[in-house]
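Spelled out, the chains give:
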Amino acid sequence: MKQFLQLISINFKEFYREPGIIFWAVLFPILMAWGLGIAFKQKGDLVQKIALVSDNETWITKNENWNRLIEESENQSGFTIGNKKMGETHYIMMSVSWNEAVQMLKKGVTEMIIKIENDSLQFHFDPHNPEAELSYLQLKAALNGSDIAKNTIDFVPMEQKGTRYIDFLVPGLLCMSVMMSCMWGISYGLIDKRSKKLLRRMVATPMNKSTFLAAQFVARLGLGFLEAFLLILFCYFYFNISISGSIIAFLLVFIAGNIAFTGIAIFTSSRTAETRVGNGLVNVVVMPMMILSGIFFSYHNFPDWAVKIIEKLPLTLMADYTRSVFIEGAGIADVIYPVVLLTVMGVAFSAVGLRIYKWY
Amino acid sequence: MDSKTAMIEVREVRKYFKHVKAVDGIDLTIKKGEFIALLGPNGAGKTTLVEMIEGIQKPDHGEIFIDNKTWKKNEKELHQLVGLSLQETRFFEKISVLETLRLFASFYNLDDQRIDEVLKLINLEEKKDAWVVNLSGGQRQRLALGIAILNKPEVLLLDEPTTGLDPTARREVWDILKKLKKELNTTLILTTHYMEEASYLCERIIIMDSGKILAQGTLKELLSKHIKGEVIMFSTQEKFDEKHLPSREKVHNVMIEPNQTEVEILVEDLVSYLPEFLNKFQSEGINLTSLECRKMTLDDLFINMTGKHLNA
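Residues numbered from 1 in each chain as written. Chains lettered and ligands numbered in written order. Predicted model: local features only at pLDDT ≥ 70, side-chain atom pairs only at ≥ 80, totals over all residues. Heavy atoms only, no water.

> Please give an account of the overall build of chain A that cites residues and values.
Looking only at helices and strands, chain A features 14 helices and six strands. The 360 residues of chain A split such that 48% are buried. Sequence-distant contacts, at least 24 apart, represent 73% of the contacts inside chain A between residues at least 6 apart. (Helix = DSSP H or I, 4+ residues; strand = E, 2+ residues; numbered from the N terminus. Buried < 20%, exposed > 50% of the residue type's maximum accessible area, 1.4 Å probe, protein only. Contact = heavy atoms within 4.5 Å.)

What follows is the structure in structure tokens.
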């Protein structure tokens, strides 16, 4: 029994005598909960934007009920479905043209287009997108027989290239793999080398430190290209996905993304020699972006103030513009902004990281 | 000592950590081609001192010159001049011996011929394609040594190069070092807590504890200067009390183990003391279960100076 208690006591001591671990194990989850809690305040109080298209533009403005709905949407209350217990969903109806609607869909601003044609409602969305399907079922149930939709309600699957969920998903996954590869490969790799005293052994030679770090970047970039190539190849054959915009624009965003994440990786790995702390550090960078940056689902469901921040995250920048090249056909001029911003981020993070870098 | 032939000069060097005075005012001059051993238990400050000479740590106070150069002003040249092996470096696990040597050789702009020479010297030719993770402890230490000598360094700094190795593996490392001394006139600082290693390899032994140099000299000098006397080790059936020892003035030191049956005493002259000792035990009816007499060693000297065993 004494032995057992001693062992437990040692375990506790090991834990609390490592301040880094306390942070990652105790404070970090609390901070994540706080952050996400704010983002999803009032659980279920979701806002879904719906693109509303009519073949006859004046029809909507003439139709009293639809007009009211759009006015309510402009006040951000929208068409509310659900109840306080289950959480409410506010459907914001945005009257747009068909082309604008498709653009919104591609960017992930909306997941559904409602088209009014000959007084009947057509819901256009990718049936593989569970959120869109849920919206459809909710709206259909609520609208059926109401004065808004007196006529038939139809569902039209969106299977046009660029509007499917998979079109949205693949560019995001591509960017996420760059982030993961840099953060685990470079950041964790460097921390591991420091913990093994290999880093200090290497810098105790005439090895050039910038060459060492540049090699990390180039090796990761090479691996990244290979990974991206394989992913795109697979998706081309399996999902018929292709790059509709400029390939050079894609390459620029891809390289800039690698610069940004290498910089962040160097910064993250600059101090600790504890792989357990390193694990946490990498996660603190990777996890929020995985959740927030719109890789798996659109970040446009977050409150507006959060969206403004999320848009500036490196993974969001990279994913948004990779997506725009893939599905909206963006060219080089369209990606200058993210390329510059990502490169600046990378250079700034490396510069700060190197100033405080612990080589020994 | 003539400063012209001095390869390494350590002047009034201090390094304090939060609760420890790791190196507490050390002066040291090492001549070109000299092999010296820093001997001391764990925590004596050996590694800190060596790491300051290696340029890995900065002294709080004092100066270190290697070939009249300092790390602050001549880092590049010193990296070319110095070879080192750190305590417990773990190299890339899934990279082979040859690949590891090639990587480090590239830092010094060395060609494959030098790698072959080193592989031969460290006796890892057969293992050159093996991953580091699959090497034995001794082979890893030899690899670390191989990396340290790649650039034919004039100064070699080895931090516990044989700790944890079995006697055969240790002997192999020693042979390599002996060869280096003969062929390249390398200056060597080696930290160890093996007295045998220090006395076999090095001309000068420096005994350190608590950040200070306690004694230094050749093995002979140390023994003759600091050690006068011989050791009697015995154990008794009953618990032993110091008062049973005859002619207490002839005994320099008494160490009774906690079980109170194993005893070590240091006497000035064994030949005259031993008969007296045995007679007294016989007359008092003390039963000896073992008895051993020997010359004093560095370890005994160490215990005398610090109250600690060398490899404690």
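> Let's hear about the overall build of chain B: which residues, and what values?
For chain B, the count of helices and strands is ten helices and 13 strands. Overall, the C-alpha framework of chain B stretches about 75 × 45 × 40 Å when taken along its three principal axes. A buried classification covers 51% of the 312 residues belonging to chain B. Split by element, the accessible area of chain B, about 15,500 Å² in all, is 47% carbon and sulfur. (Areas by Shrake-Rupley, 256 points an atom, 1.4 Å probe, with all protein chains shown as cover.)

> A description of the nonpolar core should follow, citing residues and the corresponding values.
Ranked by size, the top nonpolar core spans 101 residues in total, and within it A:Phe261, B:Leu101, B:Leu143 and B:Leu177 carry the most contacts. The dominant element in this core, judged by the number of residues it contributes, is helix 7 (residues 165-195) of chain A, at eleven residues. The next biggest cluster of nonpolar side chains, apart from the first, holds 30 residues, and it includes B:Val23, B:Val82, B:Val155 and B:Ile189. (Core = buried A, V, L, I, M, F, W, Y, C linked by side-chain atoms within 4.5 Å.)

> Which residues make up the sheet that holds strand 4 (residues 61-66) of chain B, and what values go with them?
Residues and elements named next belong to chain B. Reading across the sheet, the three strands line up as 2-1-4 and stay open at both edges, with antiparallel pairing between neighbours. Edge positions in the sheet fall to strand 2 (21-31) and strand 4, since each of these pairs with one other strand and no more. When the angles between neighbouring strand axes are averaged without regard to direction, this sheet yields 15°. Examined bridge by bridge, strand 1 (residues 6-16) and strand 4 share five bridges and lie antiparallel to one another. Bridge pairing in strand 4 places Arg-14 opposite His-61. The strands that helix 1 (residues 46-53) touches are strand 1, strand 2 and strand 4; relative to strand 1, the one it contacts most, it runs at about 125°. (Pairing = 2+ DSSP bridges. Axes fitted to C-alpha atoms, helices over the stretch in contact; angles between N-to-C directions.)

> Help me get a handle on the interface of chain A and chain B, residues and values and all.
Taken together, the contacts link 13 residues of chain A with 20 residues of chain B. Summed over both sides, the interface of chain A with chain B buries roughly 1,700 Å², with 63% coming from carbon and sulfur. The largest per-residue losses of area from chain A upon contact with chain B belong to A:Lys196, A:Arg201 and A:Pro206, which jointly make up 39% of the total buried on that side. We note a salt bridge from B:Glu93 to A:Lys196, for which the minimum N-O separation is 3.8 Å. Across the contact surface, chain A and chain B share five residue pairs in polar contact (both at pLDDT 80 or more). (Buried area = accessible area lost by both parts, 1.4 Å probe. Salt bridge = Lys/Arg side-chain N within 4 Å of Asp/Glu carboxyl O. Polar contact = N/O pair within 3.5 Å; in protein donor to acceptor, adjacent residues only side chain to side chain.)

> Now, about the environment of A:Thr110: what can you tell me, with residues and values included?
Residue and element names in this part refer to chain A. As for its position among the elements, Thr-110 is in the loop between helix 5 (98-107) and strand 4 (113-117). Measuring from C-alpha to C-alpha, the distance between Thr-110 and Val-277 comes to 39 Å, with 167 residues separating the pair along the chain. In this structure, Thr-110 is in contact with Lys-49, Ile-50, Ala-51, Ala-101, Met-104 and Leu-105, ignoring residues within four places of it in sequence. Engagement of the side chain of Thr-110 in a polar contact is seen with the backbone oxygen of Lys-49, the distance being 2.5 Å.

> I'd like a rundown of the environment of A:Arg276, residues and numbers included.
Position of A:Arg276 relative to the elements: it lies in helix 11 (residues 275-292). When the C-alpha positions of A:Arg276 and A:Gly294 are compared, they lie 28 Å apart, and in sequence the two are 18 residues distant.

> Give me helix 2 (residues 71-81) of chain B: which residues, what numbers.
Taken together, the buried positions of helix 2 of chain B are occupied by B:Trp71, B:Asn74, B:Leu78, B:His79 and B:Leu81. Looking at the buried side of helix 2 of chain B, the elements it contacts are helix 8 (198-203) of chain A together with strand 1, helix 1, strand 4, strand 5 (82-85) and strand 6 (155-159) of chain B.

> I'd like a description of the sheet that holds strand 3 (residues 35-39) of chain B, backed by residues and values.
All names here are of chain B. Strand order across the open sheet formed by six strands is 5-6-7-3-8-9, with mixed pairing between neighbours. The open sheet has two edge strands with one neighbour each: strand 5 and strand 9 (212-217). On average, each strand axis in the sheet is inclined to that of its neighbour by 15°, with strand direction left out of account. Bridge count between strand 5 and strand 6: four bridges; the pairing is parallel. Bridging across to strand 6, Leu-84 finds its partner in Leu-157. Where helix 1 meets the sheet, it contacts strand 3, strand 6, strand 7 (187-192) and strand 8 (204-209), and its direction lies at approximately 155° from that of strand 7. Here helix 6 (residues 167-184) sits on the sheet in contact with strand 3, strand 6 and strand 7, set at roughly 165° to strand 6.

> Residue-level account of the domain arrangement of chain A, with values.
All names here are of chain A. The domain boundaries assigned to chain A delineate domain 1 (2-40), domain 2 (46-157) and domain 3 (165-355). Taken over C-alpha atoms, the centre of domain 2 sits 36 Å from the centre of domain 3. Of the residues lining the interface, 14 residues belong to domain 2; the matching set on domain 3 comes to eleven residues. Buried area between domain 2 and domain 3, summed over both chains or domains, comes out near 1,100 Å², and the portion from carbon and sulfur atoms is 43%. Taken together, domain 2 and domain 3 are joined by zero salt bridges. Our count for the contact surface shared by domain 2 and domain 3 stands at three residue pairs in polar contact (both at pLDDT 80 or more). Broken down by secondary-structure element, the contributors of at least two residues to the side of domain 2 that touches domain 3 are strand 1 (46-54) and helix 5. (Domains from an automatic or database assignment.)

> With reference to specific residues and values, describe a negative patch on the surface.
Judged by side-chain charge, B:Asp111, B:Asp116, B:Glu125 and B:Glu126 come together as a negatively charged surface patch. Checked against the element boundaries, B:Glu126 lands in the loop between helix 4 (112-121) and helix 5 (137-149). (Patch = residues over 30% accessible without salt bridge, like charges linked within 9 Å, V, L, I, M, F, W, Y side chains within 5 Å. Lys, Arg positive; Asp, Glu negative; His and termini not counted. Charge placed at Lys NZ, Arg CZ, Asp CG, Glu CD.)

> Can you lay out the pattern of salt bridges for me, pointing to particular residues and giving the numbers?
Counted by the stated rule, this structure contains 22 salt bridges over all chains. Between A:Glu274 and A:Arg276 there is a salt bridge, with the nearest N and O atoms lying 3.5 Å from each other. For A:Glu274, a relative accessible area of 27% puts it in the partly exposed group. Between B:Glu242 and B:Arg248 there is a salt bridge, and its shortest N-O distance comes to 2.6 Å.

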